[in-house]
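These are the residues of each chain, in order.
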Amino acid sequence: MYNRLIRNLCGQAHRMEEIMRTKVLGFVVAAMCLAVGICGCQKAPERSADEDILHAKDSVQDEVAAIVNEPERAAETDMQKINSIIGKGDHVIRIRAQMPDVPQDVKTIALGENETLTKDVLKEFLGSETGKIKDLSEEAQKEIEQSRAENEQGEERAVFSVFGDAPVYKLSDGQKTASFSDGTGAYYQDERLYEKCASIYKSSDEIVLEKADHENVYRETEKILLAKLSKIGMTEIDIYKITQYQKENVTFYEIEFTPSYEGMGVVHEIGSISSGEVFPSGKAWICEESIVTLSLDACLGKAEMQETCGTVLSWRQMEQILETYLNSGTIHGSNQAVLTEVELLYYPIFKEDENKLELVPVWHIYTPMSVWMENEELAEDESIWSICVNAVSGEIVRSESL
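Please read these numbers as outputs of a predicted model, since none were measured by experiment.

Some remarks on the overall build of the protein chain
So, step 1. Along the protein chain, the regular secondary structure elements total 9 helices and 18 strands.
So, step 2. Considering the protein chain as a whole, with its 402 residues, one finds that 49% of them fall into the buried category.
So, step 3. Put simply, 71% of the contacts in the protein chain that link residues at least 6 apart link residues at least 24 apart.
So, step 4. Of the accessible surface of the protein chain, which amounts to about 20100 Å², a share of 46% is contributed by carbon and sulfur atoms.

This is how it looks when you write it as structure tokens:
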């Protein structure tokens with residue numbers, strides 16, 4: 001399992017490398033085929049030849065439904081830290097994390113292809129200072145079609161899903177390049193700044209900047225990014241990681257983020273991904289208060305529907321729900337592991353036949369993958385390291401064990 005996780009991460013790194021090299025926005029190896037109900041709805045029990053198993057599943061669902069439908073108590077407005085031990089003996093889940101902000105009313109959002117991503121908008125996004133702009137759209141479209149064809153014929157074929165099917169638009173003035181793809185993605189690069197930063201990328205000092213200690217860096221990089229992203233209609237992002245690269249007189253920051261909707265970002269800490277899954281994500285390099293390169297995968301879907309879906313489950317209810325799943329064997333715990341992050345985020349469910357991406361609010365409880373990777377003992381443990389629970393219905397949307 002540890003080796004599988006390594007291979008998955010290497011594959012994602014190779015994919016980002018391909019994006020940088022071709023200077024055209026790649027396609028995300030992501031999307032969602034898990035059967036998840038809309039907020040507040042309960043799934044039908046799974047069929048099974050074993051009636052005892054079927055009844056056990058019914059029982060768990062009934063217990064979760066009872067917890068969800070409990071009379072409301074006073075809100076946990078003063079809770080700042082979570083220090084929970086759920087379960088007994090060696091079969092427990094330990095959670096030590098900061099309590100996130102919890103809105104009382106949340107929404108489901110249905111995203112579709114964004115028809116506003118035209119060549120005129122791309123020209124503004126490019127921000128050419130020379131005015132000598134070439135339209136490279138036709139060449140870019142052919143490159144992508146060829147890449148897809150080669151992938152289909154390859155022995156190690158990459159299987160992935162793409163949100164949107166609009167044609168590629170690509171413009172360049174020789175100094176800057178920008179493109180739109182699928183009606184949901186975008187790419188930008190300043191060639192001069194990219195060459196400067198890429199020259200030190202692998203040999204420079206690398207420091208991950210924690211938000212609590214570098215709030216000014218997070219604030220300033222967000223400001224710079226939004227000034228650019230607002231040109232294509234993106235006005236809110238959730239930055240979850242900034243890495244500083246520095247060598248001699250060159251310093252730049254790598255920013256990793258997701259779209260954000262009324263203060264809620266998108267789940268980003270995931271393990272293995274498969275065909276049928278799409279996870280909107282963004283990455284950028286910034287130096288000298290300028291954007292070096294910017295990649296948006298499935299980030300620009302247009303909201304076609306927003307529906308309020310109820311009150312978010314309290315943390316007390318979440319503890320009870322997790323204990324129910326733990327006691328039933330639906331998830332597995334371990335005394336060795338501690339889950340250190342609790343977030344309220346959107347989970348993307350890709351409806352490929354409809355070309356729609358539905359965002360469902362979830363409680364995401366996890367330990368960052370980087371922590372597991374650094375601790376071989378934990379990496380070999382089979383306990384849960386990440387779980388997403390529908391923040392309204394209490395259903396498990398995704399759970400991962402190593």
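Let's talk about the pattern of salt bridges
So, step 1. Enumeration according to the criterion identifies 11 salt bridges in this entry.
So, step 2. The residue aspartate 135 makes a salt bridge to lysine 119 at a minimum N-O spacing of 2.5 Å. Residue aspartate 135 is found in strand S4 (residues 134–135), and its partner lysine 119 is found in helix H3 (residues 119–126); the two are separated by 16 residues along the sequence.
So, step 3. The partner of glutamate 358 in a salt bridge is lysine 351, and the shortest N-O contact between them spans 2.9 Å.
So, step 4. A relative accessible area of 7% means that glutamate 358 is categorised as buried.
So, step 5. When salt bridges that share partners are traced, they join Glu277, Arg398 and Glu400 into one network.

A look at unusual backbone geometry
So, step 1. Positive phi outside glycine occurs at glutamate 262, with the angle close to 50 degrees.
So, step 2. Its location among the elements puts glutamate 262 in the loop between strand S10 (250–259) and strand S11 (281–287).
So, step 3. Since its relative accessible area comes to 61%, glutamate 262 is described here as exposed.
So, step 4. One non-glycine residue, asparagine 355, lies in positive phi territory at about 55 degrees.
So, step 5. Locating asparagine 355 in the fold gives a position in the loop between strand S15 (341–351) and strand S16 (356–366).

A word on the side chain of arginine 398
So, step 1. Mapped onto the secondary structure, arginine 398 falls in strand S18 (residues 396–401).
So, step 2. The buried category is assigned to arginine 398, whose relative accessible area is 7%.
So, step 3. Of the polar contacts made by the side chain of arginine 398, one reaches the side chain of glutamate 400; its length is 3.2 Å.

Conventions used here
By convention here, each chain's residues receive numbers from 1 onward along its written sequence. Only residues with pLDDT of at least 70 are given local features in this predicted model, and only at 80 or more are side-chain atom pairs given and counted; all residues enter the totals for whole chains, interfaces and linings. The basis for every side-chain value is the complete set of non-hydrogen atoms in the structure, without hydrogens or water. A run of H or I in DSSP becomes a helix once it reaches four residues, and a run of E becomes a strand once it reaches two; helices and strands are each numbered from the N terminus. Buried residues are those whose accessible area, probed at 1.4 Å on protein chains only, stays under 20% of the maximum for their type, while exposed residues exceed 50% and partly exposed ones sit between those limits. Any two residues whose heavy atoms approach within 4.5 Å at even a single point are treated as in contact. Accessible surface area values rest on a Shrake-Rupley calculation with a 1.4 Å probe, where residue burial reflects the displayed protein chains alone. Here, a salt bridge means any side-chain nitrogen of Lys or Arg that lies within 4 Å of a carboxyl oxygen of Asp or Glu. Side-chain atoms alone can form a polar contact between residues adjacent in sequence; in general such a contact is a pair of N or O atoms within 3.5 Å, and within protein one must be able to donate a hydrogen while the other accepts it.

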